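Structural overview for review
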Amino acid sequence: MLFSLDAHSLIFAGGVSAFMTMLAMVAARRGFPDSIAGLELWGAGSCAQAAGALVLSFRAVLPDFIPALTGPSLLVLGQALMLHAIRRFHGDRFRPELIYTPPAVMLAGAAFFFFALDLMNVRAAIYSATSFVPLVLSMHLLATGFRERLRAPARLAAAAFGMVALLLLYQALHSIVLEIGMLDARNFSYVLFVALYGGLNVLATFGFLLMANEKLRAEIDRMATLDSLTEVFNRRTFVKLAEVELARAARTGSKASVVFLDMDGFKSINDSHGHAVGDRILLEFVGCTRGVLRRQDVFGRFGGEEFCLLLPETGIEEAVHAAERVRSAIENVEIRFDGLSVRCTVSAGVSGTELHGTDFARMLRGADEALYKAKRNGRNRVESDALPQSAS
């Protein structure tokens, strides 16, 4: 029967379980990139909780003050470390007070109500209160701080922490009203508390690992679709999106245009000032270009200093004007980096469905030919394979 279970054996089993969770986190950390933060802190939290549970399980053979003071304090420290793990995973800055204040309060309160006034039930209430705060903060961040694909595993961890918080609240009220401390093994609610507490923390850990796995998958998807430096679409993804958009244009009979963009003299800038300056120029170019594009326009990097735009529902003449806005925006930007002041220009070639239908390869060749015409005619120009006049 559950009434006959040894509570201290349950605590020992919980400590071993927390220690195994810590080992799992250490192993998992090696399989995730550094951009996924917090796993090591969660593992440290599990280690602290394992140590606290093991100290409590050996209270019969230890001096009374050791389990009374260090056991609950280590449990609270573990919960605070898990809160910080969630914050780091979320990208928040380090706040040591969130880690050290709850266990410090627990230790101070336990010391006072052990040496000055030996009240086990008050120590139990202090433990519940100091654990409750990081639990609620963790639950709030998990429930509201993550979106899209991370939402489900985050809410699983939040639900587990929420149930732990309710257990702690019940334990605090039980300790104050009935004057039975959390370490009183005669209390059936204590046995139930120990069993549920350990199980729910394992469930929260499972949810956190699912969050890390989903974030890793999102990063892999991002690496597969975006250019690593500029974070616009890479060539493969751009071509795929362009073909989808052109298929839609074929069905609806709408226009679409392609703009090929090339930074003028980019190689000489790289050779003269170094790749760091070149990277900064590319980032400034991408920022300026995004500033004049519409939401539905597709922007991709084809390689090096070559970029491409697909402008849905846009004729060639309108696309020339759009390319001219990009050209003008780049021409007017002075890029300052590490004491240097650099200006750059861009040339553009435009083509569209009005000449080539929805054949993307033909449109791209037309835009490429127009781009080389812009280069031959002096650079810092927009040319079209359809219009004899150029915008400059």
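Okay, so let's go over this structure. None of these values were measured; they are calculated from a predicted model.

1. Some details on the sheet that holds strand β1 (residues 256-263)
- Strands sit in the order β2-β3-β1-β6-β7 across an open sheet of 5 strands; the sheet is mixed. Here the strands that pair on one side only, and so sit at the sheet edges, are β2 (298-303) and β7 (382-384). The sheet shows a mean angle of 20 degrees between the axes of neighbouring strands, taken without regard to direction.
- Relative to β7, strand β6 (residues 346-352) is paired through 3 bridges, and the arrangement is parallel. Bridge pairing in β7 places V350 opposite S384.

2. Topic: the state of the cysteines
- Considering all chains together, one arrives at 0 disulfides under this definition.
- You can see C308 has no disulfide; the closest cysteine sulfur is in C288, sitting 19 Å from it.
- Looking at the unpaired C344, the closest cysteine sulfur is the one in C288, lying at 8.2 Å.
- On the basis of relative accessible area, C344 is assigned to the buried category, the value being 7%.

3. Notes on helix α13 (residues 360-376)
- The first and last C-alpha atoms of α13 sit 24 Å apart over 17 residues, in line with the 24 Å expected at 1.5 Å per residue.
- For α13, the full list of buried residues reads F360, M363, L364, G366, A367, A370, L371, A374 and K375.
- The opening residue of α13 is D359, an N-cap whose side-chain oxygen sits 3.1 Å from the backbone nitrogen of A361.
- Note on α13: the residue one or two positions beyond its end, G378, has a positive phi of about 120 degrees.

4. Here's the deal with a nonpolar patch on the surface
- On the surface, F12, V16, F19, M20, L23, F58 and V61 cluster together into a nonpolar patch covering about 640 Å² of accessible area.
- Position of F19 relative to the elements: it lies in helix α1 (residues 7-29).
- A relative accessible area of 38% means that F19 is categorised as partly exposed.

5. Examining the side chain of H356
- Among the structural elements, H356 can be located in helix α12 (residues 353-356).
- In this structure H356 comes out as buried when scored by relative accessible area, which is 17%.
- For H356, the side chain forms a polar contact with the side chain of S351, separated by 3.2 Å.

6. Side note on the nonpolar core
- If you look at the biggest cluster of nonpolar residues, it comprises 50 residues, and the most contacted ones within it are W42, L142 and F208.
- Those elements that provide at least two residues to this core are α1, α2 (39-57), α3 (65-90), α4 (96-116), α5 (120-144), α6 (151-178) and α7 (188-225).
- Setting aside chain neighbours within four positions, we find L142 in contact with I86, A154, R155, A157, A158, F161 and M211.
- Ranked by size, the runner-up nonpolar core spans 32 residues in total, among them L261, V277, F307 and V326.

7. Here's the deal with the side chain of S46
- Inspection of the secondary structure assignment puts S46 in helix α2.
- When residues no more than four places from it in sequence are discounted, the contact partners of S46 are A18, T21, M22 and M82.

8. Digging into the packing of α2 against α3
- In contact at an axis separation of 7 Å, α2 and α3 are set at 165 degrees when each is read in the N-to-C sense. Considering the angle they form, α2 stands roughly antiparallel to α3. With respect to the hand of their crossing, α2 and α3 are arranged in left-handed fashion.

9. A short note on the pairing of β1
- In terms of burial, β1 is largely enclosed, as 8 of its 8 residues are buried.
- Neither face of β1 is exposed, since A256, V258, F260 and D262 on one face and S257, V259, L261 and M263 on the opposite face are all buried.
- In terms of strand pairing, β1 meets strand β3 (residues 306-312) through 7 bridges, oriented antiparallel. The residue bridging S257 from the neighbouring strand is L311, located in β3.
- Alignment of β1 against β6, held across 7 bridges, turns out to be antiparallel. Among the inter-strand pairings, V259 is bridged to a residue of β6, identified as V350.

Reading the values: rules and limits
- Residues numbered from 1 in each chain as written.
- Predicted model: local features only at pLDDT ≥ 70, side-chain atom pairs only at ≥ 80, totals over all residues.
- Heavy atoms only, no water.
- Pairing = 2+ DSSP bridges.
- Helix = DSSP H or I, 4+ residues; strand = E, 2+ residues; numbered from the N terminus.
- Axes fitted to C-alpha atoms, helices over the stretch in contact; angles between N-to-C directions.
- Disulfide = S-S within 2.5 Å.
- Buried < 20%, exposed > 50% of the residue type's maximum accessible area, 1.4 Å probe, protein only.
- Expected span 1.5 Å × (residues − 1).
- Polar contact = N/O pair within 3.5 Å; in protein donor to acceptor, adjacent residues only side chain to side chain.
- Patch = residues over 30% accessible without salt bridge, like charges linked within 9 Å, V, L, I, M, F, W, Y side chains within 5 Å.
- Areas by Shrake-Rupley, 256 points an atom, 1.4 Å probe, with all protein chains shown as cover.
- Salt bridge = Lys/Arg side-chain N within 4 Å of Asp/Glu carboxyl O.
- Core = buried A, V, L, I, M, F, W, Y, C linked by side-chain atoms within 4.5 Å.
- Contact = heavy atoms within 4.5 Å.
- Parallel < 35°, antiparallel > 145°, perpendicular 65-115°, else oblique.
- Left-handed = near helix turned anticlockwise from the far one by under 90°.

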